[in-house]
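Inside the fold
These are the residues of each chain, in order.
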Amino acid sequence: MQLNPLGRTGLQLSALGFGAAPLGQVYGAQSPQTAERSVHLAIDHGINFFDVSPYYGDTLAESVLGRALSGRRDQVVLATKCGRYGVDTFDFSASRIRRSIEESLQRLQTDRLDLLQAHDIEFGDPEQIIHETVPALRQLQAEGKVRYIGITGYPPPLLFEVAQAVPVDSVLSYCHYTLLGTQLVDQLAPFSQASGVGLINASPLSMGLLTDAGPPPWHPASPQLKELARQVAARCAQHGVNVATIGLQFSLGAPGVASTLSGMRTEEEVLANLKACEQAPDPTLVAEIQKLVAQSGIPTTWPSGRPEAWLVEHREVA
Ligand code: NAD
């Protein structure tokens with residue numbers, strides 16, 4: 001498994017990372033045995049980067065991951081998040097973050113995190129994120145509870161603005177370097193390269209949109225985009241290619257990205273995604289899919305957070 005530096009942190013992350021949202025049953029039921037075996041299989045095959053959040057399954061994913069990592073904690077780079085606790089539950093205050101890390105450390109059965117990220121910052125108040133949340137994360141770093149700090153969210157421009165306004169070690173965005181669009185690299189890679197802020201690419205299959213099974217019921221894509229994704233999967237099938245395989249292969253090629261986090265719910269998916277890492281995608285089919293997506297004229301993104309607050313308030317902050 002290829003290892004890549006996470007910006008200037010000194011951390012080396014596996015090109016394919018283990019997104020632990022499925023351990024919170026976010027993508028459907030999963031037995032404790034499957035969860036543990038999937039984690040161990042991933043580590044045994046060189047996946048060293050694990051990303052989780054208290055939000056996934058209302059803390060379940062952290063607890064399951066903590067148990068699965070028992071005795072193997074030192075083999076992984078462990079990232080979790082703070083600030084998001086439910087679909088509509090956010091608290092980016094310094095006091096909540098301080099409590100949050102203690103709770104996460106307990107659930108993850110460790111005394112130090114490698115990376116702590118403010119989760120989905122587009123739902124927060126920009127002034128608070130910049131002047132209270134990130135400084136609180138830095139304070140936890142100074143106290144030795146976390147090695148590095150970062151921010152995560154959906155809209156790359158907001159992540160870019162914050163990372164410019166206040167130094168962070170990493171930025172994570174999701175569903176933004178896939179067969180449906182490459183905004184993560186277009187909008188953040190030049191900044192990442194110039195600043196040394198590490199870049200993490202989450203949801204290469206666009207949270208299940210780019211799979212034969214299709215997305216979960218809560219997926220925020222429009223009906224038109226879901227239909228377009230079905231057409232993409234059908235086109236891949238015509239070529240004898242599984243859409244998840246080529247989708248992951250394409251996403252793994254994101255230039256300037258340290259790790260691509262996929263949410264693997266079963267051991268079969270772990271093995272399939274490890275195998276996908278061995279080959280680059282068929283460039284002709286990628287070009288054909290990108291043409292299909294572009295010619296459809298269907299918007300491939302959806303609203304997230306309260307960008308209107310950011311556009312107005314952040315200008316005052318800056
Ligand atoms: P993903 O895009 O890989 O989608 C996961 C879905 O794809 C699941 O339904 C899974 O069962 C399915 N899948 C995975 N591999 C497959 C295969 N080979 N064949 C068929 N289906 C397959 O990943 P994701 O879980 O959406 O995101 C990955 C991780 O990134 C998350 O678990 C989380 O850790 C992180 N993330 C963070 C944020 C954030 O910070 N705001 C947002 C999204 C994701």
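Residues numbered from 1 in each chain as written. Predicted model: local features only at pLDDT ≥ 70, side-chain atom pairs only at ≥ 80, totals over all residues. Heavy atoms only, no water.

**Thoughts on the overall build of the protein**
What counts is decided by this rule: Only runs of H or I of at least four residues qualify as helices and only runs of E of at least two qualify as strands under DSSP, and these elements are numbered from the N terminus. In what follows, a contact means two residues having at least one pair of non-hydrogen atoms within 4.5 Å. Areas reported here follow the Shrake-Rupley algorithm with a probe of radius 1.4 Å; residue values treat only the protein chains shown as occluding.
Scanning the protein from N- to C-terminus turns up 11 helices and 12 strands. In terms of principal-axis extent, the alpha carbons of the protein reach across some 55 × 50 × 35 Å. Of all intrachain contacts in the protein linking residues separated by at least 6 positions in sequence, the fraction that spans at least 24 positions is 76%. For the protein, the accessible surface area stands at approximately 13,100 Å², while carbon and sulfur atoms represent 51% of it.

**Concerning the side chain of Thr300**
Note the threshold: Exposure categories follow from relative accessible area, calculated using a 1.4 Å probe and restricted to protein chains: below 20% of the type maximum is buried, above 50% is exposed, and the middle band is partly exposed. Counting of polar contacts relies on pairs of N or O atoms within 3.5 Å, with two restrictions inside protein: one atom must be capable of donating a hydrogen and the other of accepting it, and residues adjacent in sequence are counted only when both atoms are side-chain atoms.
Residue placement: Thr300 occurs in the loop between helix 10 (283-296) and helix 11 (307-317). In this structure Thr300 comes out as buried when scored by relative accessible area, which is 18%. A polar contact of 3.3 Å, which involves the side chain of Thr300, links it to the backbone oxygen of Leu180. In this view, Thr300 contacts Tyr154, Leu180, Gln183, Leu225 and Val293; residues no more than four positions away in its chain are not counted.

**Thoughts on the site of the ligand**
The test is simple: Here a residue is near a molecule or strand as soon as one of its heavy atoms is found within 4 Å of it.
Every one of the 29 residues lining the ligand counts as a neighbour, but Tyr27, Asp51, Asp120, Glu269 and Asn273 are closest to it. Take Pro204: an N or O atom from its main chain is 3.4 Å from an oxygen atom of the ligand. Within the side chain of Ser262, one N or O atom sits 2.9 Å away from an oxygen atom of the ligand. When the free accessible area of the ligand is taken as 830 Å², the share hidden by the protein chains comes to 91%. Looking at the shell around the ligand, the elements that each hand over two or more residues are strand 10 (170-174), strand 12 (259-263) and helix 9 (267-276).

**So, the pairing of strand 5 (residues 77-82)**
Just so we agree on the cut-off: For two strands to pair, DSSP has to find at least two bridges joining them. Place the viewer so that the strands point away; then a crossover is right-handed whenever the path from the first strand over the helix to the second strand goes clockwise.
Counting buried residues in strand 5 gives six out of six residues, a clear majority hidden from the surface. Where strand 4 (residues 49-51) meets strand 5, three bridges bridge the pair, whose relative direction is parallel. Counterpart to Asp51 in the pairing with strand 5 is Ala79. Once the chain exits strand 4 it traverses helix 2 (residues 60-68) before rejoining the sheet at strand 5, and the crossover so formed is right-handed. The pairing of strand 5 with strand 8 (residues 113-118) spans four bridges and is classified as parallel. Considered in strand 8, the bridge of Thr80 is made with Leu116.

**Observations regarding the environment of Gly181**
As for its placement among the helices and strands, Gly181 is situated in the loop between strand 10 and helix 6 (183-195). Given the relative accessible area of 15%, Gly181 is considered buried. For the pair Gly181 and Arg99, spaced 82 residues apart in sequence, the C-alpha to C-alpha distance is 37 Å.

**Looking at the packing of aromatic side chains**
For clarity, the cut-off: Two aromatic rings, drawn from Phe, Tyr or Trp (for Trp, its six-membered ring), form a pair once their centres lie within 6.5 Å of each other, and the interplanar angle then sorts them: stacked below 30 degrees, edge-to-face above 60, tilted otherwise. Charge-over-ring contacts are defined here by two conditions on Lys NZ or Arg CZ: a distance within 6 Å of the ring centre and an angle within 35 degrees of the ring normal.
For the coordinates displayed, the defined rule picks out nine aromatic pairs. Geometrically, the ring pair formed by Tyr55 and Tyr56 is tilted, given 6.1 Å between the ring centres and 45° between the ring planes. Looking at Tyr56, the relative accessible area reads 16%, which means it is buried. Residues Phe160 and Phe191 carry aromatic rings whose centres are separated by 5.3 Å and whose planes lie at 85° to one another, so their mutual orientation is edge-to-face. Here the residue Phe160 occupies a position in helix 5 (residues 156-165), and Phe191 occupies one in helix 6, the gap between them amounting to 31 residues. On the basis of relative accessible area, Phe191 is assigned to the buried category, the value being 15%. Clustering of aromatic rings is evident, with ring pairs tying together Phe90, Phe92 and Phe123. When the ring centre of Tyr85 is taken as reference, the NZ or CZ atom of Arg96 above it lies at 4.2 Å.

**Concerning unusual backbone geometry**
You will see that Cys175, though not glycine, has its phi angle at about 60°, which is positive. Assignment of secondary structure puts Cys175 in the loop between strand 10 and helix 6. On the basis of relative accessibility, which here comes to 6%, the residue Cys175 falls in the buried class. One non-glycine residue, Ser203, adopts positive backbone phi at about 60°. With respect to the helices, strands and loops of the structure, Ser203 is situated in the loop between strand 11 (198-202) and helix 7 (223-238). Look at Ser203 and you get buried, because its relative accessible area is 16%.

**Let's talk about the sheet that holds strand 8**
Counted only if it meets this: An axis is simply a line fitted to the C-alpha atoms; with a helix, the fit covers only the stretch in contact. Between two such axes, the angle follows the N-to-C directions and lies from 0 to 180 degrees.
What the eight strands build is a closed barrel, ordered 3-4-5-8-9-10-11-12; its pairing is parallel. Neighbour-to-neighbour, the strand axes of this sheet turn through a mean angle of 30°, independent of strand direction. The sheet strands contacting helix 6 are strand 10 and strand 11, and the helix crosses strand 11 at an angle near 160°.

**So, the packing of helix 5 against helix 6**
Applicable threshold: An angle below 35 degrees is read as roughly parallel, one above 145 as roughly antiparallel, one from 65 to 115 as roughly perpendicular, and any other as oblique. Whether a crossing is left-handed or right-handed is set by the direction in which the near helix is turned from the far one by less than a right angle, anticlockwise for left-handed and clockwise for right-handed. Amino acid classes used here: Ala, Val, Leu, Ile, Met, Phe, Trp, Tyr, Cys and Pro are nonpolar; Asp, Glu, Lys and Arg are charged; the rest, including Gly, are polar.
Closest axis-to-axis distance for the helix 5/helix 6 pair is 9 Å, and the angle between their directions is 10°. Classified by the angle their axes make, helix 5 and helix 6 are roughly parallel. Between helix 5 and helix 6 lies a crossing whose hand is right-handed. Of helix 6, the residues touching helix 5 (which contributes Pro156, Pro157, Leu159, Phe160, Ala163 and Gln164) are Gln183, Gln187, Leu188 and Phe191. A per-class count over the contact of helix 5 with helix 6 returns seven nonpolar, three polar and no charged.

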